[in-house]
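Observations on the model geometry
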Amino acid sequence: MARPVSIEVWNPNGKYRVVSTKSMPGTRWINLLVQQDCRVEICTEKKTILSVEDIIALIGNRCDGVIGQLTEDWGETLFSALSKAGGKAFSNMAVGYNNVDVNAATKYGVAVGNTPGVLTETTAELAASLSLAASRRIVEADGFMRAGLYDGWLPHLFVGNLLKGQTVGVIGAGRIGSAYARMMIEGFKMNLIYYDLYQATRLEKFVTAYGQFLKASGEEPVTWKRASSMDEVLQVADVISLHPILDKTTYHLINKERLSKMKKEAILINCSRGPVVDEEALVEHLKQNPMFRVGLDVFEDEPYMKPGLADMKNAIVVPHIASASKWTREGMATLAALNVLGKIKGYPTWSNPNQVDAFLDENSPPPSACPSIVNAKQLGLPVSKL
Ligand SMILES: NC(=O)C1=CN([C@@H]2O[C@H](COP(=O)(O)OP(=O)(O)OC[C@H]3O[C@@H](n4cnc5c(N)ncnc54)[C@H](O)[C@@H]3O)[C@@H](O)[C@H]2O)C=CC1
Ligand SMILES: O=C(O)C(=O)CO
């Protein structure tokens, strides 16, 4: 028998039982569920990452839907348990869902939600922060000050790279990659080269228009190029930021061979998923190329770092905080809860999961729809006409 897992309960007499595997920021998500007759159970276990067994215990014998986290392994075992308990809905509190076996969920008739859009700008801002911190060696310089080593201005002290006029390379120019590109282009007047399976038309139009604006103001215009291969981006760009989804096509996209194609003084940023980079090869590359710098929000074996990474002065490492702004995290919780609620209530799916603002407006009730269900088509769910 599974051991009991500690929980906190809201609206004990609610008709539908919804479980959240973690406490999530804000209260709007709880209020929305409670107002719609849900009993909400929030896991209060101290351990950070729940095991499959812990989650099975939380699901119990009757459960209508679960809100889960990107650290959890949502595969055959959990979807089978959820389906047996009568559950029809699961939502990750994340846009990425590489921790979810969507085919298994579909097999058991469970809808899988995610939370796009609300974290686009916040995540892009962290990628931009890491780009700046790496180019201007901010973390190294901060450590130097705190160690009491500063004894006066020197011409060579912590000299870094100027971004203006350099080339920013984006791999995966979707929502976050495009938002990051705009920040670096508009903020620092960098030129763009990008690689994606699809054309980023809106981004291209933005760079063209911004280039024309700069030219009309007597400044050097910015330029863009859609690369025909990823290697072209690696060879040309001074700062490269990774924003693809994680799947079998992007696993170890950056490996030893590809690292060797980058400029010796390039900067690599990863705010996507750790396994997109072969982290062992990266540590070796950082050792061999002291002027190469990296900014990492995600790690191959999270929460661990590969041996040697923590010792590298040319690496900046932060603990998967790219989406960690209050507005975004509360919004993610709201979207995840509304995905689960919408499926329980039999609502249709929202027609444009890239445009979810209507669900986030605190001053008006959310639309009667599921904001984003990734297997909606496979499950034959109707699309909202709102
Ligand atoms: N570090 C963090 O806290 C966060 C990480 N993420 C990660 O960022 C990812 C992207 O999020 P969004 O921009 O919202 O998704 P998105 O779906 O809008 O963008 C992903 C882009 O990657 C492209 N892509 C897919 N396979 C590719 C390949 N083999 N080569 C090049 N491009 C490829 C797609 O065509 C798409 O344009 C998420 O899946 C998630 O894993 C997202 C939010 C926060
Ligand atoms: O939404 C995601 O995919 C995350 O990584 C959360 O920050």
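Refer to the structure above for everything that follows.
Residues numbered from 1 in each chain as written. Chains lettered and ligands numbered in written order. Predicted model: local features only at pLDDT ≥ 70, side-chain atom pairs only at ≥ 80, totals over all residues. Heavy atoms only, no water.

**Considering the pattern of salt bridges**
Summed over the entire model, instances satisfying the criterion amount to 15 salt bridges. As a salt-bridge pair, E76 and K107 come within 2.8 Å of each other at their nearest N and O atoms. Taken together, the positions of E76 in helix 3 (residues 76-84) and K107 in helix 4 (residues 102-107) put the pair 31 residues apart, joining distant regions of the chain. E76 sits in the partly exposed class, given a relative accessible area of 36%. A salt bridge links R146 to D142, with the nearest nitrogen and oxygen atoms 2.5 Å apart. With R146 and D142 both in helix 6 (residues 138-146), this residue pair falls 4 residues apart, about one helical turn. By relative accessible area, R146 is classed as exposed at 68%. Through salt bridges with shared partners, one network takes in D231, E257, R258 and K261. (Salt bridge = Lys/Arg side-chain N within 4 Å of Asp/Glu carboxyl O. Helix = DSSP H or I, 4+ residues; strand = E, 2+ residues; numbered from the N terminus. Buried < 20%, exposed > 50% of the residue type's maximum accessible area, 1.4 Å probe, protein only.)

**With respect to the site of ligand 1**
Surveying the vicinity of ligand 1 reveals 25 residues, the closest of which are R175, I176, D196, C271 and D297. Take R175: an N or O atom from its main chain is 2.9 Å from an oxygen atom of ligand 1. Contact between ligand 1 and R273: an oxygen atom at 3.4 Å from a side-chain N or O atom of the residue. Protein chains shield 89% of the accessible area of ligand 1, which is 860 Å² for the free molecule. In the shell around ligand 1, the residues fall into 11 nonpolar, 10 polar and 4 charged. (Near = heavy atom within 4 Å. Polar contact = N/O pair within 3.5 Å; in protein donor to acceptor, adjacent residues only side chain to side chain. Areas by Shrake-Rupley, 256 points an atom, 1.4 Å probe, with all protein chains shown as cover. Nonpolar A, V, L, I, M, F, W, Y, C, P; charged D, E, K, R; others polar.)

**Some points on the sheet that holds strand 7 (residues 167-171)**
Sheet architecture is open: 7 strands sit in the order 9-8-7-10-11-12-13, paired in parallel fashion. In this open sheet, the two strands that pair with only one neighbour each are strand 9 (224-226) and strand 13 (315-317). Ignoring which end each strand starts from, the neighbouring axes of this sheet average 15° apart. Pairing geometry for strand 11 (residues 267-270) and strand 12 (residues 293-296), over 4 bridges, is parallel. (Pairing = 2+ DSSP bridges. Axes fitted to C-alpha atoms, helices over the stretch in contact; angles between N-to-C directions.)

**Things to note about a nonpolar patch on the surface**
A surface patch of nonpolar side chains, about 420 Å² in accessible area, is lined by M145, Y150 and W153. With respect to the element layout, M145 can be found in helix 6. (Patch = residues over 30% accessible without salt bridge, like charges linked within 9 Å, V, L, I, M, F, W, Y side chains within 5 Å.)

**Observations regarding the nonpolar core**
In summary, soluble globular proteins display a tendency toward joint burial of nonpolar side chains. Judged by nonpolar contacts, the single largest core of 65 residues is most densely connected at W29, L33, I67, Y180, I185 and L192. For this core, the element with the most residues is helix 12 (residues 326-345), which contributes 9 residues. The residues contacting L192, other than those within four sequence positions of it, are V168, V170, A181, I185, L203, V207, T223, W224 and K225. Of all hydrophobic cores here, the second largest spans 29 residues; its members include L234, M262, V277 and F292. (Core = buried A, V, L, I, M, F, W, Y, C linked by side-chain atoms within 4.5 Å. Contact = heavy atoms within 4.5 Å.)

**Quick notes on the layout of surface pockets**
In this structure, the second largest pocket spans a volume of roughly 700 Å³. Lining the second largest pocket are 23 residues, with T120, G174, R175, S178 and R202 sitting closest to its centre. Looking at the lining of the second largest pocket, the elements that each hand over two or more residues are helix 5 (120-135), helix 7 (175-188) and helix 8 (201-216). Broken down by element, the residue count for the lining of the second largest pocket peaks at 5 residues, all from helix 7. Among the residues forming the lining of the second largest pocket, the class breakdown is 9 nonpolar, 9 polar and 5 charged. (1 Å grid on protein atoms, 1.4 Å probe; cavity = no way out; pocket = protein on both sides within 12 Å on 5 of 7 lines; lining within 4 Å. Points joined across faces, edges and corners; volume = space filled by probe spheres on them.)

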